[in-house]
Amino acid sequence: MNTLASPNNRVLSGMRPTGRLHLGHYHGVLKNWVRLQHQHRCFFFAADWHALTTEYDAPYEVAGHTYEMIVDWLAAGVDPGSAVLFVQSRVPEHAELHLLLSMITPLGWLERVPTYKDQQEQLRDKDLATYGFLGYPLLQSADILIYKATLVPVGEDQVAHLELTREVARRFNHLYGREPEFEARVQAALRKLGKKQARLYEDNRRAYRERGETSALQVAQALVHAQANISLGDRERLLGHLEGGGIIVLREPQPLLTETAKMPGLDGRKMSKSYGNAIGLREDTDTVAHKLRTMPTDPARVRRTDPGDPALCPVWGLHQVYSDEARRAWVQEGCRSAAIGCLDCKQPLIEAVEAELAPIRERARPFEDDPGLVREIVAAGCEQAREVARETLDEVRQVMGLGYR
């Protein structure tokens, strides 16, 4: 896992609104967001436009689902004082950048995205022969590129998806990352750094360009980012000069590899609302306890005195998440020897899950009691996001010849 913390890094991550979240979302995404928000500048968004690519026939559900999802984010510990929380459709700059990128993106790039045919197979009951569904990976690229995100949290199986964004940024910069008198503008920017810093920049640029020393590139990039007395345009010129002969308008994001938490559901399969095997983050104590007590177990344990095998029991998967080594050893020995019953085995899990969910429910209560608090947080986050998005879009318009005077 990449743990490099830097205020110069921007992290972008989003979730489709599907309503209230469950423990699978918490362990798979939200715990990571809570950690990242204290290490980098983070932008977390509700991808409501993305929801419409497959749920366009039920748009009336999206707004309610978005509200419930953001309440769960806040309850899980995502802090609007540490991260920017916003709703995709409230930042229309995403749509304009998507449109402009669509002008330069080859059709074949979209058709070869792994999930394009996979989801068509999985969602056969839906008509996905739409432009929106074909183009949603490019909208994802626009989501990332408009914030000049340097890091995008993904699992190893999602790295290929991020490569489309990198290819689009590369193609855009190749087509439009040229400006008149670029070299002269770079030299003017270097003079603003001062002689010592400019020399350090040039020495590291030479080490990277002539000898391929990536550490030298990183030093030079950090030097540029640390300059407070240069404009955004000069910063982009200096960064572009390090890697080529033009400005870098759209940054190529890097994957921030995260450990994929495999949160088992109540039946042993991956936890999912569609499977009916999930525990919601705000479900009450009695409901959670009932769900765990009635979980299926090893079918060989018909009677209390029958020995069992934890590997054949869905309960064991939850012990691997919530129990320490000593507890897991107790389960293995007790189950195989029939020294403990299935309810005995489940009781520590009931206590552990309750200990995890209790503070989440408590943090959710003010937002449930006053929905206006959520609206205020979202409105402030959307405005912060728009400020950043406008800057990028202004640059894109200028280099594409759309800067009106």
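Parameters at a glance
Residues numbered from 1 in each chain as written. Predicted model: local features only at pLDDT ≥ 70, side-chain atom pairs only at ≥ 80, totals over all residues. Heavy atoms only, no water. Helix = DSSP H or I, 4+ residues; strand = E, 2+ residues; numbered from the N terminus. Polar contact = N/O pair within 3.5 Å; in protein donor to acceptor, adjacent residues only side chain to side chain. Contact = heavy atoms within 4.5 Å. Buried < 20%, exposed > 50% of the residue type's maximum accessible area, 1.4 Å probe, protein only. Expected span 1.5 Å × (residues − 1). Arc of directions from axis to C-beta. Disulfide = S-S within 2.5 Å. Core = buried A, V, L, I, M, F, W, Y, C linked by side-chain atoms within 4.5 Å. Phe/Tyr/Trp six-rings, centres within 6.5 Å; stacked < 30°, edge-to-face > 60°. Lys NZ or Arg CZ within 6 Å of the ring centre and 35° of its normal. Pairing = 2+ DSSP bridges. Right-handed = clockwise from strand over helix to strand, strands pointing away.

## A closer look at the side chain of Arg282
- Checked against the element boundaries, Arg282 lands in the loop between strand E5 (254–257) and helix H13 (285–293).
- A polar contact of 2.6 Å, which involves the side chain of Arg282, links it to the side chain of Asp72.
- Leaving out residues up to four positions away in the same chain, Arg282 has contacts with Arg20, Glu68, Val71, Asp72, Arg361, Ala364 and Glu368.

## Some remarks on the environment of Pro296
- Within the secondary structure, Pro296 sits in the loop between H13 and helix H14 (314–322).
- Using a relative accessible area of 41% as the deciding quantity, one classes Pro296 as partly exposed.
- Taking C-alpha positions, Pro296 is 51 Å from Leu250, a pair spaced 46 residues apart along the chain.
- Residue contacts for Pro296: discarding those within four places in its chain leaves Leu266, Asp267, Cys313, Pro314 and Val315.

## Examining helix H9 (residues 182–193)
- Across its 12 residues, H9 extends 17 Å between first and last C-alpha, which sits within 8% of the 16 Å expected from 1.5 Å per residue.
- Looking only at H9, the buried set comprises Phe182, Val186, Ala189, Leu190 and Leu193. Across the axial projection of H9, the buried residues extend over an arc of 105°, all falling on one side.
- In this fold, the buried residues of H9 make contact with helix H10 (195–211), helix H11 (214–225) and helix H12 (232–243).
- Positive backbone phi, at 95°, marks Gly194, one or two positions downstream of H9.

## Thoughts on the state of the cysteines
- Throughout the structure, instances matching the rule amount to zero disulfides.
- Lacking any disulfide linkage, Cys42 is separated from the closest cysteine sulfur, that of Cys382, by 17 Å.
- For Cys42, a relative accessible area of 1% corresponds to the buried category.

## Details of the nonpolar core
- The biggest cluster of nonpolar side chains holds 106 residues, and the ones touching the most others in it are Leu30, Trp73 and Tyr147.
- Per-element tally for this core: the top contributor is helix H17 (residues 371–399), with nine residues.
- In this view, Leu30 contacts Met15, Leu21, His25, Asp72, Trp73, Ala76, Val78 and Leu281; residues no more than four positions away in its chain are not counted.

## A short note on the environment of Leu373
- Its location among the elements puts Leu373 in helix H17.
- On the basis of relative accessibility, which here comes to 29%, the residue Leu373 falls in the partly exposed class.
- Each C-alpha atom of the pair Leu373 and Val71 lies 9.8 Å from the other, and the pair is 302 residues apart in sequence.
- Ignoring anything within four residues of it in the chain, the contact list for Leu373 reads Pro366 and Phe367.

## Some remarks on unusual backbone geometry
- For Lys148, which is not glycine, the phi dihedral falls at a positive 50°.
- With respect to the helices and strands, the residue Lys148 is situated in the loop between helix H7 (131–145) and strand E4 (151–154).

## Quick notes on the packing of aromatic side chains
- Evaluation of the coordinates by the stated rule reveals seven aromatic pairs.
- Between Phe133 and Tyr136, the aromatic rings sit 5.6 Å apart at their centres with planes inclined by 35°, giving tilted as the arrangement. Highlighted residues: Phe133 and Tyr136, both in helix H7, separated by three residues, approximately one helical turn.
- An aromatic cluster is present here, built from Phe43, Phe45, Phe86 and Tyr147 joined pairwise through their rings.
- We note Arg269 situated over the ring of Tyr275; from NZ or CZ to the ring centre the distance is 4.1 Å.
- Over the aromatic face of Trp330 sits the side chain of Arg327, whose NZ or CZ is 5.2 Å from the ring centroid.

## Notes on helix H15 (residues 325–337)
- Helix length check: H15, at 13 residues, gives a terminal C-alpha distance of 18 Å against a target of 18 Å (1.5 Å per residue), a fit within 8%.
- By the burial criterion, the buried members of H15 are Val331, Gly334 and Cys335. Seen along its axis, H15 keeps its buried residues to an arc of 95°; they face one direction. When the buried face of H15 is taken as reference, the exposed residues oriented beyond 90 degrees from it are Glu325, Ala326 and Glu333.
- Along its buried surface, H15 packs onto H14 and helix H16 (342–369).
- Remark: Ala338 follows H15 within two positions and exhibits a positive phi of approximately 65°.

## Things to note about the pairing of strand E1 (residues 10–15)
- Here E1 runs beside strand E2 (residues 41–46); their pairing, made up of six bridges, is parallel. Within the sheet, the bridge partner assigned to Val11 lies in E2 and is Cys42.
- Once the chain exits E1 it traverses helix H1 (residues 23–36) before rejoining the sheet at E2, and the crossover so formed is right-handed.

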